[in-house]
Amino acid sequence: MKRIALAGAALLLFAGSASAQVAVPELTPAAPRYFFSDGLGITSATVTPDNPAALQWGMPSRAAFGVFKLHEVDPTTPGSEQDASGRFLGLRGVGERWAGGIETISADRSPITFKESATSGQLSFQILQGLALGVGLDRGKTDNGTATSTLKGTTYGLSVNVQKVFYLGYAMGSEDLDSGGATASRDTTMVGVGVRTEGSVRWHLAWDEVQKDDFVGGITGKGFDMTTLTVQAGLGNLLLGGQRVKVAPKVGGGNTKVTVVDVGWAPDKGLTLTARLSRAETEGAGVVVNKADLRAVNLAYLW
């Protein structure tokens, strides 16, 4: 597990995450998102989507809070288990022509000393009927007690809404990494399509792809492609959902697969209570070399 902690300190992957939201925000009001690729990283609380333009279709407005636990192990290494606990806060406001969102999420690991956090702020504007543009700023940080790494990202996006049912999204941006005095940068792109229906039975179907180039500068590599398939249903006030995520490094092996399950009480307005369960597994040389289980309880008030 020392290998994982050092990798995480060198590279925080917070801007792309399991359960990407590129075309339209998901039905789950708020929940932590998590994946790892050459280092672990808590990434977001879903209050702000990956594509800031998609925030325009994220009604209703909400305030959210949640807590989570993480258990992680390398099955090939005895005594490699570690745990983490964390929390998040988020606020999203959606108007007829504009939307804004901000969130912060953090986690502490044990028995090693390792802290990680991420903050995101976004604005979106509907410039034409069914067309929104957005901009987002992200900042992530890891600290293992002896070294600190920071990652700053900027994302520009657009999202098209067809009859409030079909959605298309595209975004691009850049990230700057500073790790122990070494600096590097990379470009990012994302594309997504989605279908979302309203009414007594709500459906959310989406496919998203996020691509991050290799870093260029004092740190190289670390690029990856991530695809996410999401199926969620709101049956009255009951929310059920599932996601399947695959993260593939651009260089070398070690693919990560993530399975996410959401369930809870989530009416259109008022107080919501949901739970998120996820398992992430990374393979190396044909065997699972890292496994992480996430358990989260999420509260949100919608208006």
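Residues numbered from 1 in each chain as written. Predicted model: local features only at pLDDT ≥ 70, side-chain atom pairs only at ≥ 80, totals over all residues. Heavy atoms only, no water.

Overview of the pattern of salt bridges
Here is step 1: Summed over the entire model, instances satisfying the criterion amount to 11 salt bridges.
Here is step 2: We note a salt bridge from lysine 250 to aspartate 225, for which the minimum N-O separation is 2.9 Å. Taken together, the residues span a long stretch of sequence, with lysine 250 in the loop between β14 (238-249) and β15 (256-265) and aspartate 225 in strand β13 (residues 224-235) at a distance of 25 residues.
Here is step 3: Owing to a relative accessible area of 26%, aspartate 225 belongs among the partly exposed residues under this scheme.
Here is step 4: Of the charged contacts, one joins arginine 279 and aspartate 293 as a salt bridge, the two residues approaching to 2.6 Å between their closest N and O atoms. One end of the pair, arginine 279, is in strand β16 (residues 270-284); the other, aspartate 293, is in strand β17 (residues 287-302), and 14 residues separate them in sequence.
Here is step 5: For arginine 279, a relative accessible area of 38% gives the class partly exposed.
Here is step 6: The class of aspartate 293 is buried, set by a relative accessible area of 14%.
Here is step 7: Among the ionic contacts, a cluster of salt bridges with common partners joins Glu26, Asp262 and Arg276. (Salt bridge = Lys/Arg side-chain N within 4 Å of Asp/Glu carboxyl O. Helix = DSSP H or I, 4+ residues; strand = E, 2+ residues; numbered from the N terminus. Buried < 20%, exposed > 50% of the residue type's maximum accessible area, 1.4 Å probe, protein only.)

What to know about unusual backbone geometry
Here is step 1: Residue proline 60 is bonded to the preceding methionine 59 through a cis peptide linkage, with omega at 0°.
Here is step 2: If you trace the backbone, proline 60 turns up in the loop between β2 (40-44) and β3 (62-73).
Here is step 3: A cis amide bond links serine 110 with the next residue in sequence, proline 111, at an omega value of 10°.
Here is step 4: Not every positive phi belongs to a glycine, and threonine 46 is a case in point at roughly 65°.
Here is step 5: For threonine 46, the position within the fold is in the loop between β2 and β3.
Here is step 6: In this structure threonine 46 comes out as buried when scored by relative accessible area, which is 0%.
Here is step 7: Of note in the backbone geometry, glutamine 163 takes a positive phi value of approximately 60° without being a glycine.
Here is step 8: Structurally, glutamine 163 can be placed in the loop between β8 (148-162) and β9 (166-179).
Here is step 9: When its relative accessible area of 71% is taken as the criterion, glutamine 163 is described as exposed.

Concerning the confidence of the model for the protein chain
Here is step 1: Scored by pLDDT, the protein chain has a mean of 86; 90% of the residues are at 70 or more.
Here is step 2: Contacts for the low-pLDDT stretch residues 1-18, under 50 throughout, to residues beyond four places or in other chains number 76 contacts.
Here is step 3: Within the model, the stretch residues 35-42 combines pLDDT values under 50 with 47 contacts to residues more than four positions away or in other chains. (pLDDT = per-residue confidence, 0-100. Contact = heavy atoms within 4.5 Å.)

A closer look at the nonpolar core
Here is step 1: Of all hydrophobic cores here, the largest spans 16 residues; its most connected members are Ala30, Ala64, Phe68, Leu70, Phe88 and Ile105.
Here is step 2: At the level of secondary structure, the elements contributing two or more residues to this core comprise β3, β4 (82-94), β5 (98-110) and β17.
Here is step 3: Sorting elements by how many residues they give to this core places β17 first, with 5 residues. (Core = buried A, V, L, I, M, F, W, Y, C linked by side-chain atoms within 4.5 Å.)

With respect to the layout of surface pockets
Here is step 1: Taken as a whole, the largest pocket spans an internal volume of roughly 620 Å³.
Here is step 2: What lines the largest pocket is a set of 28 residues, and nearest its centre among them are Trp57, Met59, Lys164, Tyr167 and Glu198. (1 Å grid on protein atoms, 1.4 Å probe; cavity = no way out; pocket = protein on both sides within 12 Å on 5 of 7 lines; lining within 4 Å. Points joined across faces, edges and corners; volume = space filled by probe spheres on them.)

Points about the side chain of asparagine 144
Here is step 1: Relative to the assigned elements, asparagine 144 resides in the loop between β7 (131-143) and β8.
Here is step 2: The buried category is assigned to asparagine 144, whose relative accessible area is 18%.
Here is step 3: Within the local environment of asparagine 144, its side chain forms a polar contact with the backbone nitrogen of threonine 146, the two atoms lying 3.0 Å apart. (Polar contact = N/O pair within 3.5 Å; in protein donor to acceptor, adjacent residues only side chain to side chain.)

Details of the environment of aspartate 178
Here is step 1: With respect to the element layout, aspartate 178 can be found in strand β9.
Here is step 2: When its relative accessible area of 34% is taken as the criterion, aspartate 178 is described as partly exposed.
Here is step 3: Put simply, aspartate 178 and glycine 218 are 40 residues apart on the chain and 9.1 Å apart in space, counted from C-alpha to C-alpha.
Here is step 4: Not counting the four nearest positions on each side in its chain, aspartate 178 is found in contact with Thr148, Ser149, Thr150 and Thr183.

Re the pairing of β9
Here is step 1: Side-chain alternation along β9 places Tyr167, Gly169, Ala171, Gly173, Glu175, Leu177 and Ser179 on a buried face and Phe166, Leu168, Tyr170, Met172, Ser174, Asp176 and Asp178 on a face that remains uncovered.
Here is step 2: From the end of β8 to the start of β9, which pair antiparallel, there are 3 residues, and glutamine 163 there has a positive phi angle of about 60°.
Here is step 3: Two elements, β9 and strand β10 (residues 182-197), share 14 bridges in a ladder whose sense is antiparallel. Counted as the bridge partner of glutamate 175 is arginine 186 from β10.
Here is step 4: Here β9 folds back onto β10, and the loop between the two strands holds 2 residues, one of which, glycine 180, carries a positive phi near 60°. (Pairing = 2+ DSSP bridges.)

Describing the pairing of strand β11 (residues 201-212)
Here is step 1: In this structure, β10 lies alongside β11, joined through 10 bridges in antiparallel fashion. By the bridge assignment, glycine 194 is partnered in β11 with alanine 206.
Here is step 2: Following β10, the chain reverses through 3 residues before pairing antiparallel with β11; glycine 199 in that reversal takes a positive phi of roughly 125°.

Some points on the packing of aromatic side chains
Here is step 1: In this structure the tally under the stated criterion is 2 aromatic pairs.
Here is step 2: Measuring from ring centre to ring centre gives 6.3 Å for tryptophan 57 and tyrosine 167, while their planes differ by 50°; the resulting arrangement is tilted. A residue pair is termed long-range when its members are at least 10 positions apart, and tryptophan 57 in the loop between β2 and β3 and tyrosine 167 in strand β9 qualify at 110 residues.
Here is step 3: On the basis of relative accessible area, tryptophan 57 is assigned to the buried category, the value being 10%.
Here is step 4: Residue tyrosine 167 is classed as buried on the basis of its relative accessible area of 7%.
Here is step 5: Ring geometry for tyrosine 301 versus tryptophan 303: centroids 6.3 Å apart, planes at 25°, classification stacked.
Here is step 6: Since its relative accessible area comes to 46%, tryptophan 303 is described here as partly exposed. (Phe/Tyr/Trp six-rings, centres within 6.5 Å; stacked < 30°, edge-to-face > 60°.)

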